[in-house]
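# Chain and residue survey
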Amino acid sequence: MQAAEKRFVEKLKTYLLFAGPTTLVFITVIILPFLFGIYLTFTNWDGISKAYTFVSFSNYKTVFQDAAFWTSFLRTVKYVFYTVILVNSLGFALAYALTGNRVWGQNLLRTGFFVPNLIGGIILGLVWRFIFSNVLVYLGRTFNIGFLSYSWLANPHKALWTLVIVSVWQYSGYMMIIFIAGLSNIPRELLEAATIDGATGFQRLRTIVLPLMVPAFIVTVFLTIQRGFMVYDVNLALTDGGPFKTTQLISMHVYEKAFLAQQYGVGQSQAFFLFLLVAAISLTQVYFTKKLEVEV
Amino acid sequence: MKALRRALSFLRHLLLYGLFAVYLSPFFLVLINSFKSRREILSNPFGLPPAWSLQNFTTAFQRMGFVPAFMNSLVITVCSVIGIAVFSAMTAYLFVRTDWRFNKLMFFAMVASMLIPFQAIMIPLVRIYGGLNLLNNRWILIYMYLGFGSSFAVFLYHGFIKSIPKELEEAAMIDGCSRLQVFFLVVFPLLKSTTLSLIILNVLWIWNDFLLPSLVLISANNRTLPLTTFYFHGTYTSDYGLLMAALMLTILPVIIFYTGLQKHIIRGVMEGAIKA
């Protein structure tokens, strides 16, 4: 009995020495707030008053009836849809053009396309705010280009596209890096053999390269989807949700609900919905990756 | 045939360099306009500055409080990044080398927690730490970064430590090293390349992060560089020359960091993306 107790104390000491700090921060920063967050969704706390009551599922009911939430959700889906397609096709095209064939200044080009990823979304948003509201308008007015002669940021039909454009610019270089890693793993002999057999460049791309790149595409597509649903910084700095809330994406909606409208319970219910969505997306990715590993 | 191939190659270069110019043009425009006055910018944002005056830079530098903001960002990033690397490596080492049931549970919980987006935690986080009067403090922000960064770091180290043979450590143990000494003298040096990748990923994340510091750091003298730049923009919305100079000042440190560590950064991003 005493030996077992002593061994337990030894174990505990080792555990606390090696994993104590990590365990402490993990529990106090992630686990407790997460659980407390679930509890908050069942209360009507307004952020200020000390007292709040238990309201069972009424917050969730409010979320389902909140038209602004669903509008913002569908808008985010639309934004994610276009971003995923454009980011991945452009990223792949860049990677394909910058591997294999001899390109003069290959490294310089890769570096340049990657640069936007080094800088925070807030700064990128402010940079593009200037581009959209001044530079492009100047071009439009000087050269009489109708669709550029007024700021897209002020136009409810165009403002969402500014977010898509900036996100494509921001992430295509990042995905390019992942595609380059995938492309450089394709055995050279395979491509050479196909060339000897008379395959054209397009045939090689379609029958050899693209099928072998499926794992890379799984990574990049899901990464883009996840980031798309969680985007906040660029949204805030570039459009601030405007004009007339036509560009308010889901994260910003949650932020406003909780911190500006002071409906913490409803805001947290919406955040929880976002969690379920992102978790489902990630688990789908894991499922596909595992399935592919079994097949190969 | 040869002429055709040459023409195609030329076309490809033209396209790539054209796109390259488009990608970098926003930064170039910010750069040239940071030397101009508001009137010069409005009359032609493409024109080169008539004189390369540093006036905007010195004014923006002072008014935004660049030095304190930079120092805040630096302290927060460096402390968080080192803390995450050291504590997570130790934790991962323990998790790999012992098969206690509690370790398995913790490791599973940490990997699973990577599914939680920040937005799902931010509201209760502010509620809890605000209720304890712990907000508006740089050290609490660092503490939170340790929490948000450790899951991925433990996961990354766990994968690598598994591949290190035990024999090395056993030899050191026989020579009389304690477990802690074995870790710091034998294991941690072997993790160098993983640590470097991790540090790079975390520096890019924490240096550029906005939402968490905007919720935690309330008073102006605690703000990090992205926060300071954002609020500066709010104050001087139409003073374009100043704004461009402020943006340039914020972008510059990152570009310097990138030029110095370019190869490692690209590799770190690749490893992080593929394992995440």
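Residues numbered from 1 in each chain as written. Chains lettered and ligands numbered in written order. Predicted model: local features only at pLDDT ≥ 70, side-chain atom pairs only at ≥ 80, totals over all residues. Heavy atoms only, no water.

## Quick notes on the packing of helix H5 (residues 121-142) of chain A against helix H6 (residues 159-183) of chain A
Residue and element names in this part refer to chain A. As a reminder of what qualifies: The axes are straight lines fitted to the C-alpha atoms, using for helices just the contacting stretch, and the angles between their N-to-C directions are given from 0 to 180°. Strands here mean DSSP runs of E at least two residues long; helices mean DSSP runs of H or I at least four residues long; both are numbered from the N terminus. Reported orientations rely on four angle classes, namely roughly parallel under 35 degrees, roughly antiparallel over 145, roughly perpendicular from 65 to 115, and oblique for the rest. A clockwise turn of the near helix away from the far one marks a right-handed crossing, whereas an anticlockwise turn of less than a right angle marks a left-handed crossing. Here a residue-residue contact requires only that any non-hydrogen atoms of the pair lie within 4.5 Å. Basically, the charged four are Asp, Glu, Lys and Arg, the nonpolar ten are Ala, Val, Leu, Ile, Met, Phe, Trp, Tyr, Cys and Pro, and anything else, Gly included, counts as polar.
Contact geometry for H5 and H6: axes closest at 11 Å, N-to-C directions at 125°. By the angle class used here, H5 and H6 are oblique. When the axes of H5 and H6 are compared, the crossing they make is right-handed. In this structure, H5 uses Leu 124, Trp 128 and Phe 132 to contact H6, whose residues at the interface are Thr 162, Ile 165, Val 166, Trp 169 and Gln 170. Grouping the amino acids of the contact of H5 with H6 by side-chain chemistry returns six nonpolar, two polar and no charged.

## Focus: unusual backbone geometry
All names here are of chain A. For the bond running from Gly 242 to Pro 243, omega is -5°, close enough to zero to count as cis. Relative to the elements of secondary structure, Pro 243 occurs in the loop between helix H10 (233-239) and helix H11 (250-260). Despite not being glycine, Phe 244 shows a phi value in the positive range, around 50°. Inspection of the secondary structure puts Phe 244 in the loop between H10 and H11. The phi torsion at Lys 245 lies on the positive side, around 60°, for a residue other than glycine. Examined against the element boundaries, Lys 245 turns out to sit in the loop between H10 and H11.

## Let's talk about the side chain of Gln170(A)
Summarising the element assignment, Gln170(A) is placed in helix H6. Residues in contact with Gln170(A), not counting those within four places in the same chain, are Pro116(A), Asn117(A), Leu124(A) and Val234(A).

## A short note on a positive patch on the surface
The condition that has to hold: To count toward a patch, a residue needs a relative accessible area over 30% and no salt bridge; like charges are then connected within 9 Å, while nonpolar side chains (Val, Leu, Ile, Met, Phe, Trp, Tyr) are connected within 5 Å. All accessible-area figures derive from a Shrake-Rupley calculation using a 1.4 Å probe, and residue coverage is judged against the displayed protein chains alone. Should a side-chain nitrogen of Lys or Arg be within 4 Å of a carboxyl oxygen of Asp or Glu, the pair is scored as a salt bridge. Residues counted as positive are Lys and Arg, residues counted as negative are Asp and Glu, and His and the chain ends are not counted. Charged groups are reduced to one reference atom each: NZ for lysine, CZ for arginine, CG for aspartic acid, CD for glutamic acid. Summary of the burial criterion: residues with accessible area below 20% of their type's maximum are buried, those above 50% are exposed, and those between are partly exposed, where the area comes from a 1.4 Å probe applied to protein chains only.
A cluster of like positive charges, contributed by Arg7(A), Lys11(A), Arg101(B) and Lys104(B), occupies part of the molecular surface. Along the chain, Lys11(A) falls in helix H1 (residues 2-40). Using a relative accessible area of 33% as the deciding quantity, one classes Lys11(A) as partly exposed.

## Details of the interface of chain B and chain A
The condition is simple: Accessible area, probed at 1.4 Å, shrinks when two parts are joined; the buried area is that loss added up over both. Each polar contact in these results corresponds to two N or O atoms within 3.5 Å; when the atoms are within protein, one needs to be able to donate a hydrogen and the other to accept it, and residues that are neighboring in sequence are counted only if both atoms are side-chain atoms.
Each partner contributes residues to the interface: chain B has 83 residues there, and chain A has 85 residues. Taking both partners together, chain B and chain A bury about 7600 Å²; carbon and sulfur atoms supply 80% of that area. Interface area lost by chain B to chain A is led by Tyr23(B), Ile123(B) and Arg127(B), which between them contribute 10%. For the pair chain B and chain A, the number of links is 16 residue pairs in polar contact (both at pLDDT 80 or more). Of the residues in the side of chain B that touches chain A, the class split is 63 nonpolar, 17 polar and three charged.

## Side note on the domain arrangement of chain B
Residues and elements named next belong to chain B. Applicable threshold: Domain ranges listed in this record stem from an automatic or a database domain assignment.
Taken domain by domain, chain B comprises domain 1 (1-63 + 241-256) and domain 2 (66-235). Looking at the side of domain 1 facing domain 2, the largest losses of area belong to Phe 61, Leu 243 and Thr 250, adding up to 49% of the total buried there. Counting the contacts that link domain 1 with domain 2 gives zero salt bridges. Across the domain 1-domain 2 interface, the total number found is two residue pairs in polar contact (both at pLDDT 80 or more). Sorting the residues of the side of domain 1 that touches domain 2 by element identifies helix H3 (55-63) and helix H13 (240-275) as the ones contributing at least two each. Broken down by element, the side of domain 1 that touches domain 2 gets its largest block of residues, eight residues, from H13. Counted by class, the side of domain 1 that touches domain 2 contains nine nonpolar, one polar and one charged residues.

## Here's the deal with the environment of Gly198(A)
Residue and element names in this part refer to chain A. In this structure, Gly 198 sits in the loop between helix H7 (188-196) and helix H8 (201-212). Gly 198 sits in the exposed class, given a relative accessible area of 52%. Note: C-alpha distance between Gly 198 and Ile 281 (83 residues apart in sequence) is 41 Å.

## Digging into the side chain of Thr224(A)
All names here are of chain A. Within the secondary structure, Thr 224 sits in helix H9 (residues 214-230). On the basis of relative accessible area, Thr 224 is assigned to the buried category, the value being 3%. Leave out the neighbours within four places in its chain, and Thr 224 touches Thr 83, Val 84, Val 87, Asn 88 and Met 175.

## Focus on the environment of Arg102(A)
You can see Arg102(A) is positioned in the loop between helix H3 (67-97) and helix H4 (106-114). On the accessibility criterion, Arg102(A) (80% relative accessible area) is exposed. Once the C-alpha coordinates of Arg102(A) and Gly265(A) are considered, the two residues, 163 residues apart in sequence, prove to be 58 Å apart. Aside from chain neighbours lying at most four places away, what touches Arg102(A) is Arg12(B) and His13(B).

## Quick look at the packing of aromatic side chains
Our working rule: Only Phe, Tyr and Trp rings are paired, with Trp represented by its six-membered ring, and only when their centres lie within 6.5 Å; those with planes under 30 degrees apart are stacked, over 60 edge-to-face, the remainder tilted. Charge-over-ring contacts are defined here by two conditions on Lys NZ or Arg CZ: a distance within 6 Å of the ring centre and an angle within 35 degrees of the ring normal.
Scanning the model with the defined rule gives 57 aromatic pairs over all chains in all. Their ring planes at 40° and their centres at 6.4 Å tell us that Phe222(A) and Phe288(A) sit as a pair that is tilted. Placement of the pair is Phe222(A) in helix H9 and Phe288(A) in helix H12 (residues 264-295), with a sequence separation of 66 residues. Overall, the relative accessible area of 12% leaves Phe222(A) in the buried class. On the basis of relative accessible area, Phe288(A) is assigned to the partly exposed category, the value being 35%. A ring pair is formed by Tyr93(B) and Phe183(B), whose centres lie 5.3 Å apart and whose planes are at 45°; its orientation type is tilted. With Tyr93(B) in helix H4 (residues 66-97) and Phe183(B) in helix H9 (residues 179-190), the pair connects residues that are 90 residues apart, well separated along the chain. Of the two residues, Tyr93(B) and Phe183(B), neither departs from the other in class, the shared state being buried. Site record: aromatic cluster; members linked through ring pairs are Phe64(A), Phe69(A), Trp70(A), Phe73(A), Phe229(A) and Phe273(A). Directly above the ring of Tyr174(A) sits Arg227(A), whose terminal nitrogen or CZ lies 4.7 Å from the centroid. Seen from the ring of Tyr231(B), Arg223(B) lies directly overhead, with NZ or CZ sitting 4.0 Å from the centre.

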